[in-house]
Amino acid sequence: MEKINLMNLDTKKTSVIVPFFNEEATLQDAVLDLINNNFHDEIILVNDGSTDNSLLISKQLVDKYSYIKIVNNSTNKGKGYALRLGLKHVSFDVVAIFDADLEYSAEDLKIICDTMHNENYDFLSGSRFIGNKKRDNIYLRTFLANKLFSLFFSKIYKKKFTDVATCLKVFKKVLLNGVQLNSNGFEIEIELLAKLLIKVENYKEVPITYKGRSYLEGKKIKLIDGFKYIYSIIKFKWIK
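This is a predicted model, so every value here is computed, not measured. (Residues numbered from 1 in each chain as written. Predicted model: local features only at pLDDT ≥ 70, side-chain atom pairs only at ≥ 80, totals over all residues. Heavy atoms only, no water.)

Q: Is there a simple way to explain the overall build of the protein in this structure?
A: Scanning the protein from terminus to terminus reveals seven helices and nine strands. If one aligns the C-alpha atoms of the protein with their principal axes, the spans along those axes are about 45 × 45 × 35 Å. When burial is assessed residue by residue, the protein has 54% of its 240 residues classed as buried. Excluding contacts between residues fewer than 6 apart, the proportion of contacts in the protein whose partners are at least 24 apart in sequence is 81%. Only carbon and sulfur atoms are counted for the fraction: they give 54% of the accessible area of the protein, which is about 11,500 Å². Computed over 36 positive and 29 negative side-chain charges, the separation of the two mean positions in the protein equals 6 Å. (Helix = DSSP H or I, 4+ residues; strand = E, 2+ residues; numbered from the N terminus. Buried < 20%, exposed > 50% of the residue type's maximum accessible area, 1.4 Å probe, protein only. Contact = heavy atoms within 4.5 Å. Areas by Shrake-Rupley, 256 points an atom, 1.4 Å probe, with all protein chains shown as cover. Lys, Arg positive; Asp, Glu negative; His and termini not counted. Charge placed at Lys NZ, Arg CZ, Asp CG, Glu CD.)

As structure tokens, then:
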């Protein structure tokens, strides 16, 4: 395993990546939620080929706030592709990921980032399955599937993880040194865990709130993504 120098990093400086696709109903509120919690040094909005007013909204935010920048991908290629694109534009030593759909809370992400800053963890992730925070899981099948994916991941990688599908993740950018991320879809969540956790022992899950939305409200993950999760858990165990 590659040795990584985690010393002399400025863990007080945080870049937040917000990938989005057709989130005109929630994007502005999600970004304002981040701004109001005031824990970031830059926000990187990554448009993944939106066909609604999301790009216009993001440009208006960029015009208003100097620390927000936008990366525009003209065609929709998936969350993983958008996230990988955003990572190329990160300026600071700590990277946080936040979705624009308001299923997650910026307040929780602030708590995770504060934990990183104060306790010097290398990788932190939100979990909807520990602690007693308020959760609204609309679909029982999704809830159960996530539990099974997490158990399977923990068995394969021999590192206990309760929520592999969570979108709230914070890690030190240096962990990406020598790492090639390839996923274009939601399975990027699995690839990040598989490829970064093997580099660190100093990681932790933090309880978070969750407010699931319906497919009519814009939820995008589908049944096929669950099969991709399972395949990715197996694949990235042996393909680095």
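Q: Would you explain the state of the cysteines in this entry?
A: Two cysteines form a disulfide when their sulfur atoms are joined by a covalent bond. A full pass over the atoms with the stated rule returns zero disulfides. Here Cys-113 stays unpaired: no disulfide links it, and the sulfur of Cys-167, its closest cysteine neighbor, is 15 Å away. What makes Cys-113 buried here is its relative accessible area of 0%. Judged by its relative accessible area of 9%, Cys-167 is buried. (Disulfide = S-S within 2.5 Å.)

Q: Whenever I open this one, the sheet that holds strand S4 (residues 94-97) confuses me. Can you help?
A: Two pairing modes exist for strands in a sheet, parallel and antiparallel, and in both the strands are linked by backbone hydrogen bonds. As summarised here, the arrangement of the seven strands in space is S3-S2-S1-S4-S7-S5-S8, forming an open sheet in which the pairing is mixed. Sheet topology places strand S3 (68-73) and strand S8 (203-207) at the edges, where each strand pairs with a single neighbour. The average angle at which neighbouring strand axes cross in this sheet is 20°, direction not considered. The sheet contact formed by strand S2 (residues 42-48) and S3 spans six bridges and is parallel. Paired with Asn-47 across the two strands is Asn-72, which belongs to S3. In this fold helix H2 (residues 54-64) packs onto strand S1 (14-20), S2 and S3, with an angle of close to 155° to the strand it touches most, S3. Taken strand by strand, helix H3 (residues 79-87) contacts S1, S2, S3, S4 and strand S7 (169-172), and its axis lies near 140° from that of S2. (Pairing = 2+ DSSP bridges. Axes fitted to C-alpha atoms, helices over the stretch in contact; angles between N-to-C directions.)

Q: When you look at the side chain of Asp-99 in this model, what are you seeing that I'm missing?
A: Structurally, Asp-99 can be placed in the loop between S4 and helix H4 (106-119). Since its relative accessible area comes to 8%, Asp-99 is described here as buried. Looking at Asp-99, its side chain comes within polar contact range of the side chain of Lys-79, at 3.0 Å. With residues up to four places along the chain from it excluded, the contact list for Asp-99 reads Val-18, Pro-19, Ala-30, Lys-79 and Cys-167. (Polar contact = N/O pair within 3.5 Å; in protein donor to acceptor, adjacent residues only side chain to side chain.)

Q: Would you mind going over the pairing of S2 with me for this structure?
A: On any regular strand, side chains alternate: one points to one face of the sheet, the next to the other face. In terms of residue burial, S2 counts as a mostly covered element, since seven of its seven residues are buried. The side-chain alternation of S2 yields two buried faces, one formed by Glu-42, Ile-44, Val-46 and Asp-48 and the other by Ile-43, Leu-45 and Asn-47. With six bridges connecting them, S1 and S2 associate as parallel partners. Residue pairing in the sheet places Phe-20 in a bridge with Asn-47 of S2. Considered for its hand, the β-α-β crossover made up of S1, helix H1 (residues 27-37) and S2 is right-handed. Between the parallel elements S2 and S3, the chain passes through H2 in a crossover that is right-handed. (Right-handed = clockwise from strand over helix to strand, strands pointing away.)

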